[in-house]
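Summary of structural features
As a plain string of letters, each chain reads:
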Amino acid sequence: MVAHLLSLKWRLLLNGFKRSPLQLIGIGLGLLYALGMLSLVIGGLVALRWADAGVAQTVVVLGGAATVLGWAIIPLVASAADMTLDPSRFTGFAVPPRQLLAGLALSGFIGVPGIATLLAALGTAGTWWRSVPAVAGALLGALLGALTCVVLSKVVTTATAGLASSRRFKDVSSIVVFIPLMLMGPIMVGIIDGVRGSADYLPVLARTVAWTPLGAAWSLGGSLDAGDYAGAGLKALIAAGTIAVLLWCWHLLLQRALVTPPYSGGSSKRGGKPGLFGVLPATPAGAVAARALIYWLKDPRYAGSLVVVPLLPVIFFFAGSQEGSYGTLMILGPLTAFIMAWAICADVSYDNTAFALHLAAGVRGIDDRLGRALACLAISLPVVVVFTVGPLFVTGSWEWLPNLLGLSLGTLFTGLGLSSVLSARYNIAVPLPGDSPFKKPPGNVAQTLAVQAIGMGVLAVLLIPELAFVAVQLFAGSPEAGWINLAVGPVLGTVLFVAGVRLGGKWLDARGPEMFAQLSVNR
């Protein structure tokens, strides 16, 4: 049975080369890229043969530990993970769990990730080509480490099989994976600072990781090269014990998955609870606001467009710590107001064909514009206020509070009014319902970029009064300008907000059917 499973996986791999010519070209380019990266990794490992033993041990252990973590994390965030031999596919077959376990584990090495990991792991033998015990330990550690990666990945995918079948989990995971990318700069800065602060930072970390399940297997070659046979034996036991525990956990999860496979159907819900519709006023604008708030809370495309907002304080704080000054934190409030206000310029586009409900129900354009704007305002107003006041606790520049608060509120209200106009006039290319928030959307991208650029220019012109008072305090040192801006910003912003809602409502009444037709074509 094990051999049969391996042959099935091998056939599936070969069938990938029998697709259309364009797909074959894509696969070939991907293989060439993977081969190039693998060559660099193996070449680097072999080059460590002539490096200091401590440096080589640090690189191998930390690199191996990062590889193990990658095999554990990627299945959680990659919706396109290889599920050709998903355990749920075997629920209708009487395959003994132990044979299925062995077959699935070994099949993990049939594929580009598995083969690349195994070859790179075996490349550590070149690093420790210094003595026979060191080479033998490196080879044993490579096999144990590669097997740990594959089995850990299988444990994660089996344990999260029920979640992986959920659209919400896929949407949230695609957003979560974007967060480390946004914070990559601060993370790298922290690592570099740690290395600069102590020359032993990475070696000490490697020695610690070497006694954990993440790095025990990868440290065998270095330990034997140093003559630490007792330590190498204990680390080998840790590595083998880790695999044994993972196999045991996977065996239990596999038995459960075969008996009770995940159910991906709909769930029954009781009615009678209006939720937000029972909280907000029973008016057309209130109903639209309730529906829009539900979208803000449950549609991952909204969260995807604003995922950068909660990360802004972290990014600005790290930037300030590197410069020795936290003055840039003071623009956090106005910048957040701009991002939040601009988020609803694609509200109708996010509706897609569901916009037909607004047309069929006869919702007036002004009620549609007002409801959507108030829903965004309910979420963005507290965030903008906190992000405006909070940085002043760090900088201590409280004399700027009135001016910054006026600018932030003016930007928020003015931006919401302008977005209410733009979203009633132009369709924006956004991901379709059910797609990943970061999927490249169909549609006229050139028009979308032009509308965004022109809209930002118009917003900058509308904010000239608030920006002028900021300039007066900045260059003339007049705190009175800040108090004037605290009054001008909200008042002028509210006037423009009302004007934008009214104008956008008129345009929506006139262009509603035309916009729906465009949305239907884009789908």
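Quantities reported herein were computed from a predicted structural model and do not represent experimental measurements. The written sequence of each chain sets the order in which its residues are numbered from 1. In keeping with the model being predicted, local features are shown solely for residues with a pLDDT of at least 70 and side-chain atom pairs are shown and tallied solely at 80 or more, while totals for entire chains, interfaces and linings include all residues. The side-chain numbers reported here are obtained from all heavy atoms of the structure, hydrogens and water having been left aside.

1. What about the pattern of salt bridges?
Should a side-chain nitrogen of Lys or Arg be within 4 Å of a carboxyl oxygen of Asp or Glu, the pair is scored as a salt bridge. Scanning the model with the defined rule gives 5 salt bridges in all. When the shortest N-O distance is used, the salt bridge between R369 and D368 registers 2.7 Å. Overall, D368 belongs to the buried group, its relative accessible area being 1%. Its salt-bridge partner being D368, residue R372 comes within 2.9 Å of it at the nearest N-O pair. Taken together, the positions of R372 and D368, both in helix α22 (residues 365-395) and 4 residues apart, correspond to about one turn of that helix. Across the pair, exposure class does not vary: R372 and D368 are buried alike. Salt bridges sharing partners connect three or more residues here, namely D347, D368, R369 and R372. Think of it in three bands: with a 1.4 Å probe and only protein chains considered, a residue is buried below 20% of the maximum accessible area for its type, exposed above 50%, and partly exposed in between. Helix and strand definitions here come from DSSP, where helices need a minimum of 4 consecutive H or I residues and strands a minimum of 2 consecutive E residues; each element is numbered from the N-terminal end.

2. As for empty space enclosed by the protein
Of the two site types, the cavity is a set of points on a 1 Å grid over the protein atoms alone where a 1.4 Å probe fits but cannot get out, and the pocket is an open set with protein on both sides within 12 Å along at least five of seven lines, each lined by residues with an atom within 4 Å of a point. Grid points are joined across faces, edges and corners, and a volume is the space filled by probe spheres set on the points. What the rule picks out here adds up to 2 cavities of 30 Å³ or more. Within this model, the second largest cavity holds a volume of roughly 50 Å³. Around the second largest cavity, the lining residues are V60, T124, W128, G137, A138, G141, A142, A217, W218, L220, G221 and G222. Contributions of two or more residues to the lining of the second largest cavity are made by α7 (132-159) and α13 (220-225). A per-element tally of the lining of the second largest cavity places α7 first, with 4 residues. Under the convention adopted here, Pro, Cys and the residues Ala, Val, Leu, Ile, Met, Phe, Trp and Tyr are nonpolar, Asp, Glu, Lys and Arg are charged, and Gly plus all remaining residues are polar. Broken down by class, the residue content of the lining of the second largest cavity amounts to 7 nonpolar, 5 polar and no charged.

3. As for the packing of helix α23 (residues 401-425) against helix α25 (residues 464-476)
Where α23 meets α25, the axes come as close as 9 Å, and the angle between the chain directions of the two elements is 165°. Relative to α25, α23 is oriented roughly antiparallel. Note on packing geometry: the crossing formed by α23 with α25 is left-handed. For the pair α23 and α25, contact is made by N403, G406, L407, G410 and T414 and by E466, L467, F469, V470 and Q473, respectively. Grouping the amino acids of the contact of α23 with α25 by side-chain chemistry returns 4 nonpolar, 5 polar and 1 charged. Orientation is described by lines fitted to C-alpha atoms, with helices fitted over the stretch in contact, and by angles between N-to-C directions that extend from 0 to 180 degrees. Put simply, angles under 35 degrees are roughly parallel, angles over 145 are roughly antiparallel, angles from 65 to 115 are roughly perpendicular, and the rest are oblique. Crossing handedness is read from the near helix: turned anticlockwise from the far helix by less than a right angle, it gives a left-handed crossing, and turned clockwise, a right-handed one. Contacts are residue-level and defined by heavy atoms, with any inter-residue pair within 4.5 Å sufficient.

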